[in-house]
Each structure stands twice: as C-alpha cells, then as structure tokens.
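# Coordinate analysis (summary)
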Amino acid sequence: MSPHPAWPATPPAGVATGGKRAPGGARGPRRRTGRIRRSGLPYLLLLPTLLLELLVHLVPMVIGIVMSFKELTQFYIRDWGTAPWAGFDNYSVSVDFDAPVGKALLHSFLVTVAFTVLSVGLCWLIGTAAAVFMQDTFRGRGLLRALFLVPYALPVYAAVITWVFMFQHDNGLVNHVLHDQLGLTDKPSFWLIGDNSFVALLTVSVWKGWPFAFLIVMAGLQNIPRELYEAAALDGAGMVQQLRRITLPSLRPVNQVLVLVLFLWTFNDFNTPYVLFGKSAPEAADLISVHIYQASFVTWNFGTGSAMSVLLLLFLLVVTGVYLALTSRGRRTAQ
C-alpha cells in the first residue's frame, strides 16, 4: 500500500519518526562551529601582535644568547654563523673582576646602580610631591599640570640635545646662571666630562622622568575617597599625618608598580647617556648600557658584549622576581 499523498515519502533531515526533531540534527554542528569561531576570534586578533613580539624581541634575544657563546669578532661579521664556539669563555672574561674587562664592567655596574637608585628615588619624590600639591583646587591648576608633563611629552633626543647646549662650558645656560648670575662657583664648570658628568646625567634623567611618576601618582590619588581626608581633618589630623596614614598606604599598590617600571627604564637607559656624551661616556657616567655598546660596536667583540647583555638580563630578572615576591608578601601581610 502506497504512503498517503499528503505525507512526504521520507522524513526531513534532523526529524525523527513522529514529527520530533532529532537531538543530533543539523543545528548541533552549526552551533558548535559558531561557538568555536567566537572563542577563537580573540586569539586570531592577537596573532599579529604575537608574531611582531616574536620577531622584534624573542628572536633577537635568542640570537644574542647564541652569540654570547661564540668568538664573534669583526672577522666573522659577514657570516657570524661560522664563528668558532667559545663556550663560557666570554662569561668568564666578563666576570673576572681582576682583569681589565671585568674590572671595567664592575665599575660600570656600580655606577649604574648608584645612578638608578638616585634617579628613581628623586623621580618618585618629586612626582609624588607635585601630585599631592595638585590635588587642591586653585587658579591655573590645569595649565600647571600641562607644563609638568612637557618633559615627558618631548622626544628624548630633542630634550637631551637641548640639555647638551645648556651644559656647554663657555656659553651654556647652566654655567651662566650658577657662575655669572648667582656666583655659586669660582669658575665655569665642565659638566659633560669628569666627575660632574654624573651630576649632569642624573639631572637630565630626573628632569625627564619625574613627570611620569607625577602622572601615575596623580591617577592613583583619584581613587582615594575625599571623605577619608575630611574625617581625618575632623579628628585633628594635620597634613603630614594625613599623608602618612591615608595617602601613602592607599598609594602602596600604585607605588610598587611605579618603582619597578622606573627601575627597569632607568637601569636600561641608553638614549640619555648616548645623546648626552656620545659613543664614549666619561668614567663617572659610564652606564652599563653604553658600556655594553662600546664592548660590542667599538671594540668589535660582539661575543663578549652579548655575554654582558645576557648577564644584565639575568640580573634584571632576578631583581624583578625578588621585588615581586617581597611586594606580594607585603600585600598578603597587610591583608
């Protein structure tokens, strides 16, 4: 007997006998495909960034590590892959503090540590003081905030070159003010050579670095409720007590990140001393970044320079790890 003419001979896809839709019909795979596409879209959008990060940072870092184990000099620059392996000889030369190379590297490291500690401390101190001062409403506050951010907004090369002219011995603005106008020095000083070069480098670093600390601290102060200061004022707390009991404890998470970022930026700073002093920095301002550059591109010993770079990377990783461990432990203890 033939089927009823009003009924289809076979049920449609995804429909079981009795007119009910089968659980494994056509919509199931489509939903799963759409869900996979939606979940994979963020990773697809991140793919160009990951590739650029791989090409710009990771690949050169791996190449630098390989170069540190080779006797790579000017004779092998054309085809550095043919340079003979040196093992750990480059590292041994770098950390032999009795030899000239190791002694010079140790001196540069100590100068960099002193420079970083002073620069980060002064940047944080000036930036925090300016941010706290800017919390009060007064006429011209917006203009003053904009002026404070000018050193941070200027290109590094333009700002440092301006300071080079200001530090000139004969016609520089610094000697004109200190010697000619104020009479604080017996004679014009040499700021770009000798021991004064460290002061000049520190001045430029603090001048262009403290606005960043000011910007970060000022943003952190916006999250502190004004009611806390009003209640403290009613209880008789002065400005210093409010700073110690409210402002600094509330800014602790912001300051922890700020100090770490300033430390890494300052310790690795290459543009400022290079533009200020050129390829050969004075001994008093011989930062480790410029020292590694000289060891690589002036003496043409790229193997030793790469080994110094790897040692610097390990040092920064250790310091960063210890700092993060201590700060996280401090947060847990405070909680």
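Before reading further, recall that the structure is shown in the block above.
Residues numbered from 1 in each chain as written. Predicted model: local features only at pLDDT ≥ 70, side-chain atom pairs only at ≥ 80, totals over all residues. Heavy atoms only, no water.

Our focus in this paragraph is the overall build of the protein. On a plain count of helices and strands, the protein comes out with 14 helices and 0 strands. When the helices and strands of the protein are read in sequence order from the N terminus, they spell out α-α-α-α-α-α-α-α-α-α-α-α-α-α. Counting all 335 residues of the protein, 32% fall into the buried class. Of the contacts made within the protein by residues no fewer than 6 positions apart, 63% connect residues no fewer than 24 positions apart. Summed over all atoms, the accessible surface of the protein reaches about 21,400 Å², with 67% contributed by carbon and sulfur. (Helix = DSSP H or I, 4+ residues; strand = E, 2+ residues; numbered from the N terminus. Buried < 20%, exposed > 50% of the residue type's maximum accessible area, 1.4 Å probe, protein only. Contact = heavy atoms within 4.5 Å. Areas by Shrake-Rupley, 256 points an atom, 1.4 Å probe, with all protein chains shown as cover.)

So, about the packing of helix α6 (residues 156-166) against helix α8 (residues 196-221). Close contact between α6 and α8 brings their axes to 11 Å; oriented N to C, the two are set at 140 degrees. In this view, α6 runs oblique relative to α8, as classed from their interaxial angle. Considering how the two elements wind past one another, α6 and α8 form a crossing that is right-handed. Residues Ala-159, Val-160 and Trp-163 of α6 pack against Thr-203, Val-204 and Trp-207 of α8. Along the lines of polarity and charge, the residues of the contact of α6 with α8 split into 5 nonpolar, 1 polar and no charged. (Axes fitted to C-alpha atoms, helices over the stretch in contact; angles between N-to-C directions. Parallel < 35°, antiparallel > 145°, perpendicular 65-115°, else oblique. Left-handed = near helix turned anticlockwise from the far one by under 90°. Nonpolar A, V, L, I, M, F, W, Y, C, P; charged D, E, K, R; others polar.)

Phe-167, Leu-201, Phe-214, Leu-262, Leu-276 and Phe-277 are the most contacted members of the largest nonpolar core, which totals 42 residues. When residues of this core are traced back to their parent elements, those giving at least two are α3 (100-133), α6, α8, α9 (226-234), α11 (252-267) and α12 (271-277). Among the elements that make up this core, the one with the highest residue count is α8 (13 residues). In contact with Leu-201, other than residues within four places in its own chain, are Phe-115, Thr-272, Pro-273, Leu-276, Phe-277, Ala-285 and Leu-287. Counting residues in each nonpolar core, the second largest holds 9 residues, with Ile-288, Met-308, Leu-312 and Leu-316 among its members. (Core = buried A, V, L, I, M, F, W, Y, C linked by side-chain atoms within 4.5 Å.)

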